Structures are given as structure tokens and as C-alpha cells.
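In case you want the letters, here they are:
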Amino acid sequence: MKKEPRDIRPADGQSDNGRRRFLKGGLAALGGVAATSVAARAATPAPEITEVQEWNQFLGDGVAARPYGMPSQFEKHVVRRDVEWLTASRESSVNFTPLHDLDGIITPNGLCFERHHGGIAEIPPEKHRLMINGLVDRELVFTMDDLKRFPRVNRIFFLECAANSGMEWRGAQLNGCQFTHGMVHCVQYTGVLLKTVLEECGVKTNAKWLMPEGADASGMNRSVPLEKALDDCMLAFSMNGEALRPEQGYPLRLVVPGWEGNMWVKWLRRIEVGDQPWHTREETSKYTDLLENGKSRRFTWVMDAKSVVTNPSPQAPLRFKGPNVLSGLAWSGRGAIKRVDVTLDGGKNWVTADIQGPVLPKSLTRFYVNFEWDGKPLLIQSRAIDDTGYVQPTKNELRAARGTNSIYHNNGIQTWHVRENGEVENVEVS
Ligand SMILES: Nc1nc2c(c(=O)[nH]1)N[C@H]1C(S)=C(S)[C@@H](COP(=O)(O)O)O[C@H]1N2
Ligand SMILES: [Mo]
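Residues numbered from 1 in each chain as written. Chains lettered and ligands numbered in written order. Predicted model: local features only at pLDDT ≥ 70, side-chain atom pairs only at ≥ 80, totals over all residues. Heavy atoms only, no water.

Looking at an unreviewed UniProt entry, one finds the chain named Sulfite dehydrogenase, with Hwanghaeella grinnelliae as its source organism.

What follows is the structure in C-alpha cells.
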């Protein structure tokens with residue numbers, strides 16, 4: 001089924017001025033973060049029950065009706081969405097995780113954003129092979145059955161495309177956190193440590209680099225330093241307890257924790273071991289950032305700390321005055337999230353968000369701020385700090401450091417403007 005990106009606003013072409021840019025001092029005395037009162041949430045008194053509802057009168061579907069369960073029919077709006085004008089073809093394209101409709105830290109398998117360069121390869125697992133060749137003592141070819149006989153690990157990691165928020169480098173563009181930040185997902189992977197399989201092959205002493213390669217039509221390949229491979233990379237065959245989805249590289253993908261999504265080669269069929277990087281297309285003309293001086297940053301692997309408020313956001317307006325729950329996600333490719341700060345007034349006052357659920361390194365982390373909305377406009381931002389002490393920068397700080405040629409690696413602070421009617425739009429403050 002084709003989904004229209006209905007809630008998306010095309011570029012207005014004047015992101016540096018005009019209505020979507022706000023001056024910091026411009027909005028006075030906003031409703032702050034206050035203690036909440038229970039009464040205001042349950043404003044409706046219990047009615048007299050006069051009606052027996054339909055679902056109370058008839059038997060429902062039996063167990064045979066849904067051998068593979070799907071979400072409630074009332075959750076049909078919770079889908080991945082794409083932006084047609086972003087890419088020239090459907091096969092080399094991207095769709096986005098509906099972050100504003102999710103909670104907790106785990107992305108359901110059917111909602112993980114997809115990014116592929118040659119469409120989805122459909123590979124029968126019994127025909128799939130992983131070859132390891134190059135600077136190893138034994139060049140070996142593994143079947144999926146072979147890989148499942150190595151000791152296993154289960155680990156939760158986020159995957160973020162380096163192009164996530166890329167459209168926002170030059171100003172506020174897309175109206176929805178699904179579109180500005182939805183190239184991220186977080187699942188529990190099951191698989192084998194790459195180190196374990198490399199040990200089976202015996203890595204030669206002069207080996208320094210690996211080149212994982214995909215079996216899809218794009219034959220995606222990247223250079224990965226051996227040090228990272230031996231640290232925490234995984235050969236994953238399951239996500240969230242079931243086999244990888246075809247979109248995510250079934251039957252085998254590389255997991256490169258904390259590093260840009262492009263390196264997480266899907267449909268992984270070969271790893272070459274070498275003594276120098278290959279400088280493939282995806283690490284030269286793509287996925288690099290062209291600086292003002294005409295030079296590009298080389299090998300920008302780590303995804304720096306980032307966060308976004310998912311609710312409220314343009315696709316999830318504020319509907320009630322009084323007590324509200326602000327919710328969001330933070331993550332860092334360098335480690336665990338230590339703190340998240342949230343402001344409702346464009347950066348004048350900050351509060352520490354309440355982190356709920358596990359705080360795992362290189363994983364999404366869920367935060368909340370319970371606040372009282374008095375119906376006045378808000379300028380909402382979140383700022384993540386990780387356990388290395390790194391503080392998420394503002395977009396202007398990023399631009400000062402890297403110029404405005406970049407598309408990739410935008411981890412700048414996002415601003416949402418809440419209007420008096422509760423509608424939310426993507427803006428920048430300066
Ligand atoms: N074989 C192969 N692997 C690939 C790609 C691809 O096109 N082919 N795309 C890469 C990119 S750019 C990203 S961001 C991630 C996306 O992973 P996902 O589709 O599970 O979200 O896969 C990476 N691995
Ligand atoms: Mo990507």
C-alpha cells in the first residue's frame with residue numbers, strides 16, 4: 001500500500017529567515033515545568049453504564065485467525081513513511097521510522113526504517129554463504145547453519161543512517177520527527193561476534209582492515225578497521241527474537257555498534273581481510289562531509305550523541321492543557337546516555353529529563369518530562385549528554401565547525417514550536 005507523506009511540508013526555500021526562525025528573546029515567560037495535579041487528568045466523572053458494547057456481545061476471532069499477529073486495526077496510521085522527492089528511485093531510497101507513534105527503546109521489526117541502494121534482496125537461507133578471504137590463515141565459506149553453531153550473543157543497539165537529519169543542515173525543512181530523525185532504529189540482535197568467526201579463520205599479523213560486502217544488487221561495501229571488528233561487531237541473524245526481516249538483510253547482516261548505518265552491511269556475503277582501507281564509493285563520494293575549505297572529513301564512523309523530542313512534535317500535536325507527558329529519545333555512538341536536558345522556552349530554562357527503562361551503551365534511551373501546559377506557545381528542545389562528557393551541539397555550532405555543505409552527521413539540537421492551538425512545527429532558534 002502506498003502511503004502519502006501527507007504531514008510533510010516541502011522546503012520553503014527560505015530557511016534562513018522568515019516565519020520559521022525565532023529569536024531567542026522573542027517569547028516571554030512561558031509556562032514552565034511544574035508539579036502536576038491528578039484531578040486535571042481525569043476530568044470526566046464516571047458515567048452510568050447504560051450500553052452493552054458490541055465487543056461485549058459477540059465472540060471474537062478464534063486463535064486460528066491470526067497465525068502471525070498484526071497490530072490492532074485502530075493502529076493503521078503507525079507505518080513507515082517515505083518522502084517521494086528525496087530520491088530518484090524507489091529501489092535506492094529510504095523510508096522512516098514513525099518515532100512519534102512509538103515508546104520505550106525497542107523498535108518493532110515492521111517499523112524499522114529501511115535504507116537500501118539496490119532494493120530488497122530475497123535470499124533463501126540455505127543458499128546464502130559468507131566467505132572470509134584475504135589476509136587469513138584459512139579462507140573459509142560458512143553456511144547459515146555453520147554460523148549458528150558458534151557461541152551466540154544478544155545485544156541491543158541503535159542503527160542510525162549518517163544521513164539522518166541531513167535535510168536539516170541548511171535550516172528547518174521537514175515537518176515531523178519521523179522525517180527529521182526517523183532514520184534510526186533500535187533492536188536486540190542475536191548472532192555471533194565477528195571476532196569469534198575471524199578467530200576460526202586466523203587473521204594474519206599484517207591485517208588491519210576488513211571489507212564487508214553485501215549480496216544485494218548494490219553490492220554495498222565499506223572499509224572497517226580490524227580493531228572495531230574485534231571489539232564489538234556482530235554477525236546477526238535475528239532481530240527482536242525472530243529472523244532478520246528481508247528489509248534488514250535476511251539472512252545475515254553486519255552489526256557495527258555506534259557507527260554509521262551504512263557500514264552495517266546487509267545480506268552479508270563476504271568479508272575480505274586486508275592491510276589498508278579500500279576507499280569505496282560509500283566512504284568517499286558518499287557519507288563524507290565536504291568542509292568549507294574544500295576538503296572532506298575522512299572516515300567519520302561514530303554517530304555522535306543526539307536526541308529528539310518525539311512527543312509533542314509536528315505529527316503529534318499537544319491536545320490538552322494542564323498535565324502533559326513530553327517524551328523523546330537520546331542515543332550516542334560513543335557509549336551510554338548520561339543525561340538529557342529539555343527546555344520549553346527555546347533554551348532559557350532547562351530541566352533534567354526523567355530517563356525510563358534501560359540505559360545501554362550505543363542504544364536508544366527513552367526520556368520523559370512531565371509538564372503543565374498553559375496554552376502558551378512553546379519552543380521545545382532536548383540536549384543529550386553521553387558518558388564521555390560529550391554534549392549534543394546546536395545546529396549553529398555544527399555549522400560553525402563544518403560549514404553548510406554537509407548532508408551527513410547532523411546531530412544538532414532540534415526545535416519544535418508549539419502554537420497556542422497545540423499544533424507543532426519544525427523551526428530553528430538563533
Ligand atoms: N547490502 C547492503 N547493505 C546496506 C545497505 C544497502 O543498500 N545494501 N544500506 C546501508 C545503509 S546506507 C544503511 S543506513 C543501513 C540501513 O539499515 P536498515 O535498512 O536496517 O535500516 O544499511 C546499510 N547496509
Ligand atoms: Mo545510510
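Caption draft 1: View of the site of ligand 1. Looking at ligand 1, there are 22 residues lining it, with Phe113, His117, Arg253, Lys266 and Tyr287 nearest. Separating an oxygen atom of ligand 1 from a backbone N or O atom of Arg115 is a distance of 3.0 Å. Residues of the shell around ligand 1, tallied by class, amount to 8 nonpolar, 8 polar and 6 charged. (Near = heavy atom within 4 Å. Polar contact = N/O pair within 3.5 Å; in protein donor to acceptor, adjacent residues only side chain to side chain. Nonpolar A, V, L, I, M, F, W, Y, C, P; charged D, E, K, R; others polar.)

Caption draft 2: Geometry of the nonpolar core. Membership of the largest hydrophobic core comes to 89 residues, with the highest contact counts inside it found for Ile132 and Leu235. Built from parts of two domains, this core gets at least three residues from each of domain 1 (6-30 + 303-427) and domain 2 (114-173 + 182-297). (Core = buried A, V, L, I, M, F, W, Y, C linked by side-chain atoms within 4.5 Å. Buried < 20%, exposed > 50% of the residue type's maximum accessible area, 1.4 Å probe, protein only. Domains from an automatic or database assignment.)

Caption draft 3: Summary view of the side chain of Asn426. Looking at where Asn426 falls in the secondary structure, it is placed in strand β23 (residues 424-429). Here Asn426 falls in the buried class, since its relative accessible area comes to 0%. In this structure the side chain of Asn426 is engaged in a polar contact, spanning 2.8 Å, whose partner is the side chain of Glu168. (Helix = DSSP H or I, 4+ residues; strand = E, 2+ residues; numbered from the N terminus.)

Caption draft 4: Seen up close, the pairing of strand β17 (residues 337-343). Buried residues dominate β17, accounting for 5 of its 7 residues. Sheet analysis places β17 next to strand β21 (residues 378-386), joined by 6 bridges and oriented antiparallel. Bridging from a neighbouring strand, Thr343 pairs with Gln381 of β21. When β17 meets strand β18 (residues 351-352), the two strands line up antiparallel, connected through 2 bridges. Paired with Val342 across the two strands is Val351, which belongs to β18. (Pairing = 2+ DSSP bridges.)

Caption draft 5: Inspection of the sheet that holds strand β20 (residues 365-373) at higher detail. Here we have 4 strands laid out as an open sheet, ordered β15-β16-β20-β19, and antiparallel in their pairing. What marks the edges here is a single partner per strand, and that holds for β15 (306-311) and β19 (354-356). Neighbour-to-neighbour, the strand axes of this sheet turn through a mean angle of 35 degrees, independent of strand direction. When β15 meets strand β16 (residues 322-331), the two strands line up antiparallel, connected through 5 bridges. Residue pairing for β16: Val309 is matched across the bridge by Gly328. (Axes fitted to C-alpha atoms, helices over the stretch in contact; angles between N-to-C directions.)

Caption draft 6: Molecular detail of helix α5 (residues 395-402). Every buried residue belonging to α5 is among Lys395, Leu398, Arg399 and Arg402, and all of these are buried. Projected down its long axis, α5 shows its buried positions confined to an angular sector of 100 degrees, all on one face. Looking at α5, the residues exposed on the side facing more than 90 degrees away from the buried face are Ala400 and Ala401. Tucked into the core, α5 has its buried residues touching β23. Backbone geometry just downstream of α5 places Gly403 in the positive-phi region, at approximately 80 degrees. (Arc of directions from axis to C-beta. Contact = heavy atoms within 4.5 Å.)

Caption draft 7: Representation of the sheet that holds strand β2 (residues 81-82) within the structure. Across the sheet, 3 strands lie side by side as β2-β3-β4; this open sheet has antiparallel pairing. Each edge of the open sheet is held by one strand with a lone partner, namely β2 and β4 (115-116).

Caption draft 8: Local environment of the pattern of salt bridges. In the structure shown here, the tally under the stated rule is 26 salt bridges. Linking Arg281 and Glu282 is a salt bridge whose minimum nitrogen-to-oxygen distance equals 2.3 Å. The class for Arg281 is partly exposed, based on a relative accessible area of 48%. A relative accessible area of 5% places Glu282 in the buried class. (Salt bridge = Lys/Arg side-chain N within 4 Å of Asp/Glu carboxyl O.)

Caption draft 9: Looking closely at helix α3 (residues 194-201). When α3 is considered as a whole, its buried residues turn out to be Leu194, Val197, Leu198 and Cys201. Each buried residue of α3 lies within a common arc of 100 degrees when the element is viewed along its axis, so the set occupies one face. Looking at the residues trailing α3, positive phi occurs at Gly202, about 75 degrees.

Caption draft 10: Just the environment of Pro212, in detail. Looking at the element boundaries, Pro212 is found in strand β9 (residues 209-214). A sequence separation of 80 residues divides Pro212 from Ile132, and the C-alpha atoms of the two residues are 9.1 Å apart. When residues no more than four places from it in sequence are discounted, the contact partners of Pro212 are Met220, Asn221, Arg222, Val224, Leu254, Val265, Leu268, Arg270 and Ile271.

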